[in-house]
Structures are given as structure tokens and as C-alpha cells.
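Spelled out, the chains give:
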Amino acid sequence: MRIYIRRREEEKIRKIKGWTLIYGRRKTGKTTLVKNNLKIDFYTLIADSNNAIIPEDRIMKIDEVLKEVKSIISKGGTAVIDEFQRLPEVYWSVISSWPREGILVLVASSYGIVNKLFDRNSPLLGLFLPLDIGIISYEDVLTQLKDPILSTLYRDPWIIPFIDNYQEFVTKVKEISLISKGLIGEVFKEEERQLTDIYYRTLLLLGEGIWKTSEIAGIIQPKGGESTISSMVNKLVKIGLVQKIPTLSRENYYKVYSPPLSLALYAEAKYAVSELDIKVSELPIGREVQFSVGELLAKYFNGVLYYSPKEDIDVVIMKKKKPVWAFEVKMGEISREEAKEAIKRMSRVAEKVGLISLKEKPEDYGDLSIGPKELLEIAEEVHKRGESDSL
């Protein structure tokens with residue numbers, strides 16, 4: 001049975017009162033959110049430059065569909081145009097002349113559409129408010145599943161129908177790797193880019209945990225060297241595939257944003273799972289949990305998430321450019337020796353230090369000890385804040 005994860009963006013969609021552009025990377029749940037939380041009088045999905053699909057799988061010409069959309073909003077109704085990035089721009093001027101009596105929601109699987117639609121020369125400039133839909137926040141998933149590891153994977157909704165637990169993900173990683181490459185290809189297609197070999201090799205190396213653009217450039221050796229890789233990585237950040245996290249050494253740490261995509265790319269880079277009949281026993285799930293927990297704690301302490309690879313500190317929370325908290329995150333138990341060594345190391349950097357274990361609450365060696373129960377309580381608190389913010 002497929003699980004539906006409730007998320008904070010639902011309230012934002014229910015409160016839409018004007019023309020809105022909902023955008024984000026493919027397969028982050030935008031269409032599901034809209035259909036479940038908006039009273040829609042007419043829904044259409046743009047199939048290509050000439051055709052659109054309406055309910056009951058009927059195909060209509062775009063001209064006819066747009067006439068219907070105009071009629072609905074002229075009467076004060078609500079209409080949704082999904083995969084709007086596929087609509088030829090010649091129709092944008094047509095839409096700009098429509099009466100704004102009703103609600104028009106555009107859904108786009110593209111970040112590039114934002115720049116186009118809000119460009120100073122766009123006929124739609126000033127008519128729509130943007131709403132970004134990314135992967136699901138960790139606290140929204142954790143408060144419902146109560147499982148800190150599965151919650152990390154379920155942050156990206158496309159993986160939910162395929163697995164029920166982390167071990168099943170590992171078992172199916174070959175199939176998931178193939179799906180992942182297809183999904184990445186779809187993202188590039190919607191962004192009107194080509195998934196070149198350099199882009200894909202860069203993503204594989206990021207999935208493997210190689211985060212410095214200089215190291216990636218040294219391995220791939222593209223024309224233009226590190227500047228080429230830096231430019232490409234920043235484009236990957238802009239289209240929602242890569243996350244940029246600042247570090248204490250003033251470098252940026254880059255990682256594949258989606259936990260399941262990151263793990264699938266790791267498996268492909270390390271074991272070539274899509275080509276070889278190889279059994280994978282373990283994946284670096286701890287790295288994905290670390291950053292999801294870090295995002296949660298940054299919200300909880302109203303700070304900014306940093307990482308410190310040089311000092312080997314998993315999570316650093318900054319406020320006003322000052323490190324106020326540092327945390328060690330472990331999947332299993334933290335021994336007395338590990339705890340003391342971590343506290344000593346983190347105390348050199350931050351005012352307060354904490355220990356986190358997904359198995360059991362650590363001993364109180366630092367300023368804060370967090371086990372599974374405490375992590376869930378923190379998630380519930382952050383989740384409540386998110387709900388109140390959207391009211």
C-alpha cells in the first residue's frame with residue numbers, strides 16, 4: 001500500500017487565492033499536492049507543443065484546452081495547467097490578456113521556467129506568485145513514520161512506492177539505479193539541457209562523496225579544468241539536483257540533494273550496479289541521515305547548517321556567522337571513548353556540543369544528548385512551528 005506523506009506545503013496550496021506558479025524538480029510531488037489540496041474546476045497536462053491531456057485521458061489540441069481554461073477562470077473558477085514548461089511561449093501573451101477573475105495555477109517541472117516567466121521581457125511578469133516545491137522536509141516525514149532511516153529515504157516521494165525499508169532499498173539498488181538515471185535525464189530534458197557524460201560523471205562522483213570541485217576536475221579532466229566543473233556543479237544546484245552546504249573553511253560542500261538519488265549514484269559509481277550482477281550489502285546511509293538531521297537541527301535552533309570536513313564535525317549550527325552548536329551523528333551506539341573524543345574535537349569549534357545516536361540516547365558527556373525519542377520530539381516541535389507559520 002502506498003504511503004501518503006502529509007507535508008507543510010499543503011496549507012500553502014490550500015491558501016492559494018491568485019495566479020500562482022508552482023515549480024520544482026521532477027517527481028517531488030507537485031501534481032499530487034495540487035490535486036489533493038486545491039478545489040480544481042479544470043485540470044490539464046501539457047503533453048507536447050501541440051497537445052494536452054484532460055481528465056479521462058482525453059487528448060485535446062492546446063488551442064481548445066486554453067479556451068476552456070480561459071472560460072473557467074472568467075467565471076471565477078480554478079484551473080490548473082500542469083507541465084507548463086512544455087507550453088510554447090507564443091501562448092504566454094495570450095494568457096497575459098485573460099481576465100483575472102478566477103485562479104490560474106501553473107505547475108512546472110523546471111527551475112529554468114522561473115527565470116523565463118519572471119524575466120523583464122516576459123508577458124507574464126507580475127501576474128504570478130512563485131511557490132517552490134522541493135523534496136519533503138525531514139521533520140514532516142519523521143513525525144509520521146517514526147523511523148529516522150526510512151524517513152531520510154522517503155524525503156524524495158518517487159521512491160515511496162518501491163520500498164518499505166532501508167534494507168529493501170539496498171536489495172533493489174540495481175533497479176533503483178536505472179530509475180535514477182532516467183529521472184536525472186528527465187530533469188535535464190525539462191531544463192532544456194543535455195545530460196552529457198561530464199554532467200553524469202560529476203553526479204556519480206558527488207554521489208560517491210567526492211565534494212571538492214578541484215578533485216572532481218582532477219578525475220574528469222574537462223576542458224577548462226576546475227572552472228568548468230564549478231560552473232556545472234552550480235548549474236546542478238540551480239536545477240535542484242545538488243545541495244550546497246557551507247563549511248567552516250569557507251569552501252562549499254556539494255552533495256546530491258535527494259537521499260535515494262545520492263545512494264543510487266554511489267552504488268553506480270562504486271559497484272557499476274546497472275551493468276554488473278553484483279550484490280551490494282551496505283550503502284552510506286549514515287551520510288544521508290547526517291545531513292537530514294543537520295537540516296532539522298538548524299531549523300530547531302533557528303540557525304544555518306554548516307559542515308566541517310576538515311575538523312571532522314558532522315553538524316555545525318551557525319548564528320550570525322558564529323558556530324553555536326556542533327553535533328556528532330551516529331547510526332549506532334556511541335561508546336564512552338568515542339563520545340569523549342568527539343566532545344573534545346567539537347569543543348574547539350563551537351560554544352555547545354551534542355551527541356546523537358539513532359539507536360539509543362548517548363550518555364550526557366556534552367551539552368545535549370539525543371536518541372531516537374528525543375529526535376522525534378525535536379521533529380514534532382519543528383513540524384508544529386512549520387504548521388503555525390503557514391496559517
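Refer to the structure presented above.
Residues numbered from 1 in each chain as written. Predicted model: local features only at pLDDT ≥ 70, side-chain atom pairs only at ≥ 80, totals over all residues. Heavy atoms only, no water.

Asks: Explain the overall build of the chain to me, please; I cannot follow it from the model alone.
Replies: Regarding its fold elements, the chain presents 16 helices and 14 strands. Buried residues in the chain amount to 52% of all 391 residues. Partitioning the contacts of the chain with sequence separation of at least 6, the portion at a separation of at least 24 is 61%. Accessible surface for the chain amounts to roughly 18,500 Å². Of this, 48% is attributable to carbon and sulfur atoms. In the chain, 59 positive and 57 negative side-chain charges are present, and the distance between their average locations comes to 4 Å. (Helix = DSSP H or I, 4+ residues; strand = E, 2+ residues; numbered from the N terminus. Buried < 20%, exposed > 50% of the residue type's maximum accessible area, 1.4 Å probe, protein only. Contact = heavy atoms within 4.5 Å. Areas by Shrake-Rupley, 256 points an atom, 1.4 Å probe, with all protein chains shown as cover. Lys, Arg positive; Asp, Glu negative; His and termini not counted. Charge placed at Lys NZ, Arg CZ, Asp CG, Glu CD.)

Asks: Would you take a moment to explain the sheet that holds strand 10 (residues 304–308) for this structure?
Replies: Through backbone hydrogen bonds, the strands of a sheet pair up, either in parallel or in antiparallel fashion. Spatial strand order, 10-11-12-13-14: five strands in an open sheet with mixed pairing. The sheet is open, and its two borders are formed by strand 10 and strand 14 (368–370), each paired with just one other strand. Pairwise comparison of adjacent strand axes, ignoring direction, gives a mean angle of 25° for this sheet. Its contacts with the sheet place helix 15 (residues 336–347) against strand 11 (313–319), strand 12 (322–330) and strand 13 (352–357), and it is angled at close to 145° to strand 13. (Pairing = 2+ DSSP bridges. Axes fitted to C-alpha atoms, helices over the stretch in contact; angles between N-to-C directions.)

Asks: It is not clear to me how helix 9 (residues 173–190) should be interpreted in this structure. Could you clarify?
Replies: With 18 residues, helix 9 extends 25 Å between its outermost C-alpha atoms, agreeing within 8% with the 26 Å of an ideal straight helix rising 1.5 Å per residue. Within helix 9, burial applies to Val173, Ile176, Ser177, Ser180, Leu183, Ile184, Val187, Phe188 and Glu190. Across the axial projection of helix 9, the buried residues extend over an arc of 160°, all falling on one side. At its buried positions, helix 9 is contacted by helix 8 (166–171), helix 10 (197–208), helix 12 (226–238) and helix 13 (259–271). Just downstream of helix 9 lies glutamate 192, where phi reads positive at about 60°. (Expected span 1.5 Å × (residues − 1). Arc of directions from axis to C-beta.)

Asks: Can you help me understand the side chain of aspartate 82 in this one?
Replies: On the secondary structure map, aspartate 82 appears in strand 5 (residues 78–82). Although aspartate 82 lies buried, it forms no salt bridge, and the closest oppositely charged side chain, lysine 35, sits 6.2 Å away as judged by the N-O distance. Aside from chain neighbours lying at most four places away, what touches aspartate 82 is Thr31, Tyr43, Thr44, Leu45, Ile46 and Val107. (Salt bridge = Lys/Arg side-chain N within 4 Å of Asp/Glu carboxyl O.)

Asks: So what exactly am I meant to see when it comes to empty space enclosed by the protein here?
Replies: Here the idea is plain: a probe the size of a water molecule rolls over the atoms and shows the empty space left. Considering all chains together, one arrives at one cavity of 30 Å³ or more under this definition. The computed volume of the largest cavity comes to approximately 40 Å³. Considering the residues around the largest cavity, the lining is formed by Arg155, Gln243, Lys255, Tyr257, Pro259, Glu288, Phe291, Ser292 and Glu295. Of the residues that constitute the lining of the largest cavity, the class distribution is three nonpolar, two polar and four charged. (1 Å grid on protein atoms, 1.4 Å probe; cavity = no way out; pocket = protein on both sides within 12 Å on 5 of 7 lines; lining within 4 Å. Points joined across faces, edges and corners; volume = space filled by probe spheres on them. Nonpolar A, V, L, I, M, F, W, Y, C, P; charged D, E, K, R; others polar.)

Asks: When you look at helix 11 (residues 213–220) in this model, what are you seeing that I'm missing?
Replies: Those residues of helix 11 not exposed but buried are Thr213, Ile216, Ala217 and Ile220. Buried residues of helix 11, seen end-on, are gathered within an arc of 100° and therefore sit on one face of the element. Turning to helix 11, the residues buried within the fold contact helix 10, helix 12 and strand 9 (252–256). Of the residues one or two after helix 11, glutamine 221 is the one with positive phi, at around 55°.

Asks: Please clarify how the packing of aromatic side chains should be interpreted in this entry.
Replies: For any pair of aromatic rings, the description consists of the separation of the ring centres together with the inter-plane angle of the planes. This model, assessed by the stated rule, comprises 13 aromatic pairs. With a centroid separation of 5.3 Å and an interplanar angle of 75°, the aromatic rings of phenylalanine 291 and tyrosine 307 are classed as edge-to-face. Taken together, the residues span a long stretch of sequence, with phenylalanine 291 in helix 14 (residues 285–300) and tyrosine 307 in strand 10 at a distance of 16 residues. Overall, tyrosine 307 belongs to the buried group, its relative accessible area being 13%. An aromatic cluster is built from Trp211, Tyr253, Phe291 and Tyr307, whose rings are joined through pairwise contacts. The ring of tyrosine 43 has lysine 35 lying over it, and the distance from NZ or CZ to the ring centre is 4.4 Å. A cation sits over an aromatic face here: lysine 181 above tyrosine 200, 4.5 Å from the ring centre. (Phe/Tyr/Trp six-rings, centres within 6.5 Å; stacked < 30°, edge-to-face > 60°. Lys NZ or Arg CZ within 6 Å of the ring centre and 35° of its normal.)

Asks: Before we go on, may I ask you to explain the environment of leucine 21 in this structure?
Replies: Considering the arrangement of structural elements, one finds leucine 21 in strand 1 (residues 20–23). For leucine 21, a relative accessible area of 0% corresponds to the buried category. In the structure, leucine 21 is positioned 60 residues away from isoleucine 81 in sequence and 9.7 Å away in space, judged by C-alpha atoms. Among all residues touching leucine 21, those that are not within four sequence positions of it are Leu106, Ala108, Ile113, Val114, Leu117, Phe118, Phe128, Leu129, Pro130 and Leu131.

Asks: What am I meant to see in the pattern of salt bridges here?
Replies: Within this structure, the stated rule accounts for 27 salt bridges. Where arginine 14 meets glutamate 11, a salt bridge forms, and the shortest distance between an N and an O atom there is 3.0 Å. With arginine 14 and glutamate 11 both in helix 1 (residues 9–14) and three residues apart, the pair spans about one turn of that helix. Judged by its relative accessible area of 44%, arginine 14 falls in the partly exposed class. Salt-bridge contacts for glutamate 190 lead to arginine 86; the nearest nitrogen and oxygen are separated by 2.8 Å. One end of the pair, glutamate 190, is in helix 9; the other, arginine 86, is in the loop between strand 5 and helix 4 (92–96), and 104 residues separate them in sequence. With a relative accessible area of 10%, glutamate 190 lands in the buried category.

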